[in-house]
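Breakdown of the fold
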Number of protein chains: 2
Amino acid sequence: MRDLKAERILERLRESGGRVTSARRLIVEAMLAGGDHHLTAADIVEIVRRDDPVFHESTVYRTLERLTELGIVRPVQLVPGATVFHLVENAHRHNHLVCDDCGTIIEARVDLLDVLASDVARNHRFTLQTEAAPLHGRCEACQHADAASNRAADPAP
Amino acid sequence: MRDLKAERILERLRESGGRVTSARRLIVEAMLAGGDHHLTAADIVEIVRRDDPVFHESTVYRTLERLTELGIVRPVQLVPGATVFHLVENAHRHNHLVCDDCGTIIEARVDLLDVLASDVARNHRFTLQTEAAPLHGRCEACQHADAASNRAADPAP
DNA sequence: ATAATTGCAAAGTCTTTGCAGTTTG
DNA sequence: CAAACTGCAAAGACTTTGCAATTAT
């Protein structure tokens, strides 16, 4: 099952003139195994090195770039300093709610964005990339934390 | 007018125990002069150096960090590799539509997000930071470009 | 065979940090 | 004066690139 998915993806790579190498196979398998986790390049290196200890970072970046061009992978900037990669094919459609205070990432159903997407299309002729898009804000815990500290700092009413 | 705004901001800094230095004054003035432009740390360095040639990058980062803590400035990650900073006070409420193909940034009215924000609050107990939150997708030009190249590559119907 | 890919090492960008000297309140 | 800030230089995270050796087709 998992292998079939990997092979199907690798076949697209081959069809586009690319070569299927063991490194690339391991990268794709790592991403499939990761499910919907948001893997950084470093994550992938770590996973692949379990099978191939000499696997090098530059290979990840070059392969991810290639896969992105082919539309197989989508890079998403959830937080500063760490681009994460989604396997488009594997991901259920979802969004990310990123808490800017604590960094927690909540996955939300993508259809939340449907109304917004059509508004944006109409008003700005802009096609929203709704899948995997990061939305920023504050999670419940951080809102409470903040309210609590405000209360402590300013013990008025 | 402009000076008053700067002084008001600097006063908040002073009230919080910070010191108002000429470097910080120049940083704030640079951001005010930038209006709603999205200034990167490097942009600010460049502007400030016109008045103070020895002004150093580390000072920008430290000052922006401080101003962010005070809620005076908001960092936004529009594209990978370049955090931009908004002066909260100065910005009219807006969003950014970021074209992932060509990097164009369109400013959109923030109330587009109102419906989404209340949905997210209800469904996920998450408070969207609607202002200055970047939305990703493709601008009109890039959609056309893509359609054209598809037509060229696959001259079917 | 030959074009694509890899490992390696070096460099590049953006940002952070430690420290000693300077400035602000 | 004491605490905060600055310049400087060094380092850190993440990513890119040139090149010779290797590998897929």
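Below is a summary of the structure that appears in this document. Model, not experiment: these values are computed from the prediction.

1. Examining the nonpolar core
Core analysis: the largest hydrophobic core is formed by 26 residues, its most contacted members being A:Leu116 and B:Leu116. Elements represented by at least two residues in this core include exactly β4 (94-99) and α5 (114-124) of chain A together with β4 (94-99) and α5 (114-124) of chain B. In this structure B:Leu116 touches A:Leu112, A:Leu113, A:Leu116, A:Leu135 and B:Leu128, once residues within four positions along its chain are discounted.

2. Quick notes on the protein's contact with DNA strand D
For DNA strand D, the set of nearby residues contains 25 residues, the closest of which are A:Tyr61, A:Gly81, B:Arg19, B:Arg24 and B:Thr59. Sugar plus phosphate: this is where 69% of the atoms of DNA strand D within 4 Å of the protein reside. B:Thr59 places a polar side-chain atom, nitrogen or oxygen, 2.5 Å from a phosphate oxygen of DNA strand D. Counting residues per element, the surface near DNA strand D draws most heavily on helix α4 (residues 57-69) of chain B, which supplies five residues. Looking at the surface near DNA strand D, its residues break down into six nonpolar, ten polar and nine charged.

3. Concerning the protein's contact with DNA strand C
Taken together, 24 residues lie near DNA strand C, and A:Arg24, A:Thr59, B:Arg14, B:Arg19 and B:Tyr61 sit nearest. Within 4 Å of the protein, atoms of DNA strand C come from sugar and phosphate in 68% of cases. In this structure, B:Arg19 approaches DNA strand C through a side-chain N or O atom, which is 2.6 Å from a base oxygen. Side-chain polar atom of B:Tyr61 to a phosphate oxygen of DNA strand C: 2.5 Å apart, as the coordinates give it. Secondary-structure elements contributing two or more residues to the surface near DNA strand C are α2 (22-33) and α4 (57-69) of chain A together with α4 of chain B. Looking at the surface near DNA strand C, the element that brings in the most residues is α4(A), giving five residues.

4. Focus: the pattern of salt bridges
This model, assessed by the stated rule, comprises 17 salt bridges over all chains. Between A:Arg8 and A:Glu89 there is a salt bridge; the shortest N-O distance is 2.3 Å. A residue pair is termed long-range when its members are at least 10 positions apart, and A:Arg8 in helix α1 (residues 2-15) and A:Glu89 in the loop between β3 (82-87) and β4 qualify at 81 residues. Ionic pairing is found between B:Asp119 and B:Arg122, a salt bridge with its closest N-O pair at 2.7 Å. Taken together, the residues B:Asp119 and B:Arg122, both in helix α5 and three residues apart, mark about one turn of the helix. A relative accessible area of 18% places B:Asp119 in the buried class. One network of salt bridges, in which partners are shared, links A:Arg8, A:Arg12 and A:Glu89.

5. As for the sheet that holds β3(A)
Residue and element names in this part refer to chain A. Strand order across the open sheet formed by three strands is β1-β3-β2, with antiparallel pairing between neighbours. On the outer flanks of this sheet lie β1 (39-40) and β2 (73-79), each paired with one strand and no other. As judged from the six bridges shared by β2 and β3, these two strands associate in the antiparallel manner. Bridging across to β3, Val-79 finds its partner in Ala-82.

6. Quick look at the interface of chain A and chain B
Across the contact, 29 residues belong to chain A and 29 residues belong to chain B. For the pair chain A and chain B, the two sides together bury roughly 2500 Å², of which 66% comes from carbon and sulfur. Here chain A is connected to chain B by two salt bridges. A salt bridge links B:Glu140 to A:Arg125, with the shortest nitrogen-to-oxygen separation between them at 3.1 Å. Taken together, the links from chain A to chain B amount to eight residue pairs in polar contact (both at pLDDT 80 or more). Secondary structure elements with two or more residues in the side of chain A that touches chain B: β4, β5 (105-109), α5, β6 (127-128), β7 (134-138) and α6 (140-153) of chain A.

Parameters and conventions
- Residues numbered from 1 in each chain as written.
- Chains lettered and ligands numbered in written order.
- Predicted model: local features only at pLDDT ≥ 70, side-chain atom pairs only at ≥ 80, totals over all residues.
- Heavy atoms only, no water.
- Core = buried A, V, L, I, M, F, W, Y, C linked by side-chain atoms within 4.5 Å.
- Buried < 20%, exposed > 50% of the residue type's maximum accessible area, 1.4 Å probe, protein only.
- Helix = DSSP H or I, 4+ residues; strand = E, 2+ residues; numbered from the N terminus.
- Contact = heavy atoms within 4.5 Å.
- Near = heavy atom within 4 Å.
- Polar contact = N/O pair within 3.5 Å; in protein donor to acceptor, adjacent residues only side chain to side chain.
- Nonpolar A, V, L, I, M, F, W, Y, C, P; charged D, E, K, R; others polar.
- Salt bridge = Lys/Arg side-chain N within 4 Å of Asp/Glu carboxyl O.
- Pairing = 2+ DSSP bridges.
- Buried area = accessible area lost by both parts, 1.4 Å probe.

Keep in mind that these numbers describe shape and distance, not what the molecule does.
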